Amino acid sequence: MSLHNRGVRQDVRELGALLGDVLKEQTSTGAFETVESLRQAAIAYRDGEISSRDELRTTIEGLSPDEEGDVARAFTTYFELINLAEERERVRAVREGSQEGTLDDSLDKTISTLADDGADSETVEGILNDVLIEPTFTAHPTEARRSTVKAKLRSIADHLKTLDEHNLTDHEADDVWQDITAEVTSLWQTRQVRQRQPEPQDEARNVQWYLENTLFDVVGEVYSEFEDVIADEYPDIDVPKLFEFRSWAGSDRDGNPFVTVDVTDETLETQRDIVLDRYKTQLKRLSAVLSQDGNRYATTGAFQASLEADMERFPSVSEVAKERYPEEPYRQKFGLMRERLARVGDVRPGGYEDEEELLADLETVDASLRSYGGVDIADAFIEPLIRQVDTFGFSLASLDLRDHRIQHTKAVDEALANEGIDYRDLDEEARAELLTEAILQDEPLIDMESPGDLTEESQKVLDRFVALGDWQTEYGTEAIDTYCISMAEEPSHVLEVLFLADQVDVVSLPDHVGLDIVPLLETEYALNGADRIMGTLFENEAYGQALKARNDTQEILLGYSDSNKENGFMAANWDLYKNQRRLAEITADYDITMRLFHGRGGSISRGGGPMNRALLALPNETVTGQVKFTEQGEAIAEKYGTPRIAERNLEQMLDAQIRARNNALQEPVEQVPDEWTAAMNTMAAAAREEYRDLLETDGFVSYFEQATPITVIENLNLGSRPASRSEERSVEDLRAIPWVFSWTQSRCILPGWFSLAAGIDAYLDDGGDLDTLVEMYEEWPFFRTTFDRATIALARTDLEIADEYAALADSELREEFQPRLEAEYEQAVDYMLEITGRNSLLRRDWLEESLERRNPYVDPLNLLQTHLLSQTHLTDAEERTLRLTVNGIAAGMKNTG
């Protein structure tokens, strides 16, 4: 029996035809014909039927402002719809692979392999107890798409699912298509570009949507399927907690002055309300299911005691429950549990103190059902809810606070100055000594609520720490228990946060530490100084006590984005790999458990790519089982927007982490031949030098501004943070997201491959050989994953389109930089094909097919964008169209930054 009624080509064809009909109806036949002529000319050029893009250029240059807007909207809407068609194809592949047992990275194969290799229950149970996967949703960037547009697209996706997975009569199918037509028409009539900059609350709501509407339901299914897999080989193993979700939305202050104490407070309250409402809904559903007759089916003594305790707690509510559900004890219990949930955070007494109390009630119900003929009911209805409560708690997703280390240093300096202490002029050793003594003494050193005269920025830092104590009291420590320090480069940067937390009793050594303090190591100086930073902290008396109170676990955040922007793709990846191994050595020397937090972005250059492959490519010594990583921007929608794809992503992550942890136990220190390490050292050093030389060449920043749409992107209202850290015009000051986004728009995805060839050249000139690189690719997961990611960036690059953008730059700048970029690109492509042994850059057929399908449709948007960028003055309509082309190209490339 076929699981599906349709295929991707049919979806693409019919959605494209529908869009054409809507275009004619909403504009004119002439507008439709213009779009068609552009589409056909772009395809003809790509197919080699015509020799130039002159026809495309001529048509675009002759468009009126209104016609330009129609063209931009048509191609942008096309990509939005085609993305839905490809998403549906991914769902088909997952469902069919699951049915046929052919999915790669499947949990059943991994567990079977462990069993076949002789792993006993104790070993597998140990691996599972080590594993904890923590996807962390960030606020930056929000997608180029508006949430209104996303809602319409999600509705269309749901209709496509109905057509694909349901057996419909012709009349029913016509009704579905009528709804799709209405949604596409509404989409056409809806503004695509944001008129205002998103606020932090908007970003928090965006993250909360995926948590509430997809992940909350999916988690229980992942556990249920995994428990079935485990039971086949290891029936005596109880599956522990494996997932926990976290968020930066509404709490990340790094460079974002709009994230205030009030914003974080609102985020915490909203998330608690969301998750409690979901629990209440689930309990109401359970009340409809668990209608057992108490006269026929007994309950355990523990359940009866729990029910009686609730009845004593809420006499009036219990009378209503007994009257409504006579002799139906489970229904009575669920009604009283809903009352306890309704009183969480309420002035009325009797609410659950924390999720542990709710879990205890659910486990009592579960045990009672299993004792008296309700095993299937417990498995189907109670176990999934237990998993949901265990995963989401009362906070939905725990928040991480984050700020730049400069803000903490400045706040500590000013607050201590008011106490007559000169902190600013102290050297690093003296600062660490002062902070340590202050933390260890019983009395606070500063009055955090009345610290004296401070600048506005420093007052905000102190207010945040005061609020942190209140938040942990109100919402529970687990709701907001991590503090990340951006650009941490010295031990004092970590001790400053410990000191401020100590002053408000979030830390009270040696017994209570309510915070994991997480340095973000992202600069070359910080990464290469890991021994100095972490070793000093581990030997520090105050910090040592803090670690002990946190189970001797140290979380360390690695920055992929800024390290790439600073050093280039190859050097950054090698620095990260080496320093992960070094951090593993340091933590092992001090008997500290390390939890790496990978600050990955959505794009290739910022650490993006399949997370399961990334987890398997980590050095064995770093795989302690616990792993944390950021999920950003459009990657969140792609991975978690659809339940089946979200479930598949979680399964792949879990599969990879189980395999990686097992590998680490089998081979605690990854054996990398010295020859390979030497090769990478040579390549990375030369690649860094070439990359830095490019960035530091006079005129490069001007070329970047002229040959990419960076000035448009900076004003696009993508996220609540400013695009730059200051008013300076430099690559260093620019945030990584607009840096990558701009190059992606121009189809010259330099951050993902530039200086790769220069590094290989240096290695070969130093006596190396390609055979060694081929061997490294075939046998070393780190090297293979790094190069595979680079090939994707190379494949998405289109030098002909990039030349259109280069033509916008001053001639001397163009002649200085464009040939250099093209030569590096072409050499990199040649090397990658030789090393990978492939005939084309892409390893996956579906990705190659996707690019071939998309490229002809992106071309007109690129040419329209360059045409508009070349104008010295744009009307308001043309400005709107220019911004819309950015959205359209982002949809076509399926990537922003």
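In this numbering scheme, every chain counts its residues from 1 along its sequence in written order. Local features in this predicted model are restricted to residues of pLDDT 70 or higher, and side-chain atom pairs are both shown and tallied only at a pLDDT of 80 or more, whereas totals for entire chains, interfaces and linings draw on every residue. Hydrogens are left out, water is left out, and the side-chain values use all remaining heavy atoms of the structure.

A. Broad picture of the overall build of the chain. The secondary structure listing takes helices from DSSP runs of H or I that are at least 4 residues long and strands from runs of E that are at least 2 residues long, numbered from the N terminus. Assigned secondary structure in the chain consists of 38 helices and ten strands. Computed over C-alpha atoms, the radius of gyration of the chain comes to 29 Å, within 12% of the 29 Å expected from 2.2 N^0.38 for 897 residues, which places it in the range of a compact globule. Taking the principal axes of the C-alpha coordinates as reference, the chain spans close to 85 × 80 × 60 Å. Categorising residues by exposure relies on relative accessible area from a 1.4 Å probe, with only protein chains included: less than 20% of the type maximum marks a residue as buried, more than 50% marks it as exposed, and the intermediate range marks it as partly exposed. Buried positions account for 60% of the 897 residues belonging to the chain. Put simply, 82% of the contacts in the chain that link residues at least 6 apart link residues at least 24 apart. A total accessible area of about 35,100 Å² is found for the chain, and carbon and sulfur atoms account for 43% of it. Our radius of gyration is a C-alpha quantity, and the globule rule it is checked against amounts to 2.2 Å times the number of residues to the power 0.38. It only takes one pair of heavy atoms within 4.5 Å for two residues to be counted as in contact. In these tables, accessible area is a Shrake-Rupley quantity obtained with a 1.4 Å probe, and a residue counts as shielded only by the protein chains included in the view.

B. Representation of the packing of aromatic side chains within the structure. Side-chain rings of Phe, Tyr and Trp (the six-membered ring for Trp) are treated as a pair once their centres are within 6.5 Å; stacked means planes under 30 degrees apart, edge-to-face means over 60, and tilted covers the remaining angles. The full count for this structure, using the stated rule, is 33 aromatic pairs. For the pair W209 and Y210, a centre-to-centre distance of 5.1 Å together with 85° between the ring planes defines the contact as edge-to-face. Since its relative accessible area comes to 5%, Y210 is described here as buried. When the ring of F700 is compared with that of F817, the centres are 5.5 Å apart and the planes differ by 65°; the resulting orientation is edge-to-face. Placement of the pair is F700 in helix α29 (residues 700-707) and F817 in helix α36 (residues 811-836), with a sequence separation of 117 residues.

C. Inspection of the packing of helix α1 (residues 8-26) against helix α2 (residues 29-46) at higher detail. Lines fitted to C-alpha atoms define the axes here, with helix axes fitted over just the stretch in contact, and angles between the N-to-C directions of these axes take values from 0 to 180 degrees. Where α1 meets α2, the axes come as close as 6 Å, and the angle between the chain directions of the two elements is 140°. If you check the angle between α1 and α2, you find them oblique. In this structure, α1 contributes G20, L23 and K24 to the contact, and α2 contributes T29, A31, F32 and V35. In the scheme used here, Gly and all other residues not listed as nonpolar or charged are polar, with Ala, Val, Leu, Ile, Met, Phe, Trp, Tyr, Cys and Pro taken as nonpolar and Asp, Glu, Lys and Arg as charged. For the contact of α1 with α2, the class distribution of residues is four nonpolar, two polar and one charged. Put simply, angles under 35 degrees are roughly parallel, angles over 145 are roughly antiparallel, angles from 65 to 115 are roughly perpendicular, and the rest are oblique.

D. Spotlight on the environment of N862. The residue N862 is located in helix α37 (residues 845-869) in this model. N862 sits in the buried class, given a relative accessible area of 1%. For N862, the residues in contact, after removing those within four places along its chain, are Q745, R747, I801, Y805 and I889. In the analysis that follows, any N or O atom pair within 3.5 Å is treated as a polar contact, provided that within protein one partner can donate a hydrogen and the other can accept it, and provided that, for residues neighboring in sequence, both atoms belong to side chains. Among the polar contacts listed, one links the side chain of N862 to the side chain of Y805, at a separation of 2.8 Å.

E. Molecular detail of the pairing of strand β3 (residues 398-404). For β3, the buried fraction is high: seven of the seven residues fall into the buried class. In β3, alternate side chains face the same way, and those of S398, D400, R402 and H404 on one face and L399, L401 and D403 on the other are all buried. For two strands to be treated as a pair, DSSP must find at least two bridges joining them. Of the pairings in the sheet, the one linking strand β2 (residues 246-247) to β3 comprises two bridges and is parallel in character. Along β3, the bridge assignment pairs R246 with S398. As paired strands, β3 and strand β4 (residues 480-486) are joined by six bridges and run parallel to one another. Bridge pairing links D400 to T482 in β4.

F. Looking closely at the nonpolar core. Core analysis: the largest hydrophobic core is formed by 110 residues, its most contacted members being M683, W780 and F783. Of all the elements, helix α4 (residues 65-100) adds the most residues to this core, at ten residues. Not counting chain neighbours up to four residues away, the residues in contact with F783 comprise M680, M683, L773, M776, Y777 and I835. To qualify as a nonpolar core, a set must consist of buried Ala, Val, Leu, Ile, Met, Phe, Trp, Tyr and Cys residues joined through side-chain atoms within 4.5 Å. Judged by nonpolar contacts, the second largest core, of 81 residues, contains L114, A139, L307 and Y352.

G. Broad picture of the sheet that holds β3. Taking strand neighbours around the barrel as the criterion, the eight strands line up as β1-β2-β3-β4-β7-β8-β9-β10 in a closed arrangement whose pairing is parallel. Taken together, the two bridges between strand β1 (residues 132-137) and β2 define a ladder with parallel strand orientation. Of the residues in β2, the one forming a bridge with F137 is S247.

H. Quick peek at unusual backbone geometry. With an omega of 5°, the peptide bond running from L509 to P510 counts as cis. Looking at where P510 falls in the secondary structure, it is placed in the loop between β5 (507-508) and β6 (512-513). Phi angles above zero are rare outside glycine, and M487 is one such case at about 55°. In this fold, M487 is placed in the loop between β4 and α19 (491-503). We note that D552 has phi near 50°; this positive angle belongs to a residue other than glycine. Here D552 is to be found in the loop between α22 (541-549) and β8 (553-559).

I. Geometry of α1. Expected span of a helix: the number of residues minus one, times 1.5 Å. Look at α1: 26 Å from first C-alpha to last across 19 residues, which is about the 27 Å you get at 1.5 Å a residue. For α1, the complete set of buried residues consists of V8, D11, V12, L15, L18, L19, G20, V22 and L23.

J. Spatial organisation of the packing of helix α12 (residues 315-324) against helix α13 (residues 329-342). Running from N to C, α12 and α13 point in directions that differ by 150°, and their axes come no closer than 9 Å. In terms of crossing hand, the pair formed by α12 and α13 is right-handed. For the pair α12 and α13, contact is made by V317, S318, A321 and K322 and by Q332, L336 and E339, respectively. Broken down by class, the residue content of the contact of α12 with α13 amounts to three nonpolar, two polar and two charged. Take the far helix as your reference; a near helix turned counterclockwise from it by less than a right angle gives a left-handed crossing, and one turned clockwise gives a right-handed crossing.

K. The pairing of β8, seen in detail. Within β8, seven of the seven residues are buried, leaving the element largely enclosed by the surrounding structure. Alternating residues of β8 divide into T553, E555, L557 and G559 and Q554, I556 and L558, and every residue in both groups is buried. The pairing of strand β7 (residues 516-521) with β8 spans two bridges and is parallel. In the sheet register, L521 faces β8, and the bridge partner there is L558.

L. A look at the side chain of N579. Mapped onto the fold, N579 is located in helix α24 (residues 569-589). There is a polar contact of 2.7 Å between the side chain of N579 and the side chain of R582. Excluding residues within four positions of it along the chain, N579 makes contact with L527 and N528.

M. Structural context of the pattern of salt bridges. The salt bridge criterion pairs a side-chain nitrogen of Lys or Arg with a carboxyl oxygen of Asp or Glu, the two atoms within 4 Å. Scanning the model with the defined rule gives 71 salt bridges in all. Ionic pairing is found between E457 and K410, a salt bridge with its closest N-O pair at 3.8 Å. Of the two residues, E457 sits in helix α18 (residues 456-475) while K410 sits in helix α16 (residues 405-417), which places them 47 residues apart along the sequence. Taking relative accessible area as the criterion, E457 reaches 39% and is therefore assigned partly exposed. Across the salt bridge formed by D413 and R424, the nearest N and O atoms sit 2.8 Å from each other. With a gap of eleven residues between them, D413 in helix α16 and R424 in the loop between α16 and α17 (428-440) connect regions that are remote in the sequence.

N. Just helix α33 (residues 770-779), in detail. Looking only at α33, the buried set comprises T772, L773, M776 and Y777. Considered in projection along α33, the buried side chains sweep an arc of 140° and stay on one side of the axis. What points out from α33, more than 90 degrees from its buried face, is the exposed set D771, E778 and E779. Packing partners of the buried residues in α33 comprise α28 (674-696), α32 (756-765), α34 (781-796) and α36. The N-capping residue of α33, defined by a side-chain oxygen 3.1 Å from the backbone nitrogen of D771, is D769. It is the directions from the helix axis to the C-beta atoms whose arc is reported.

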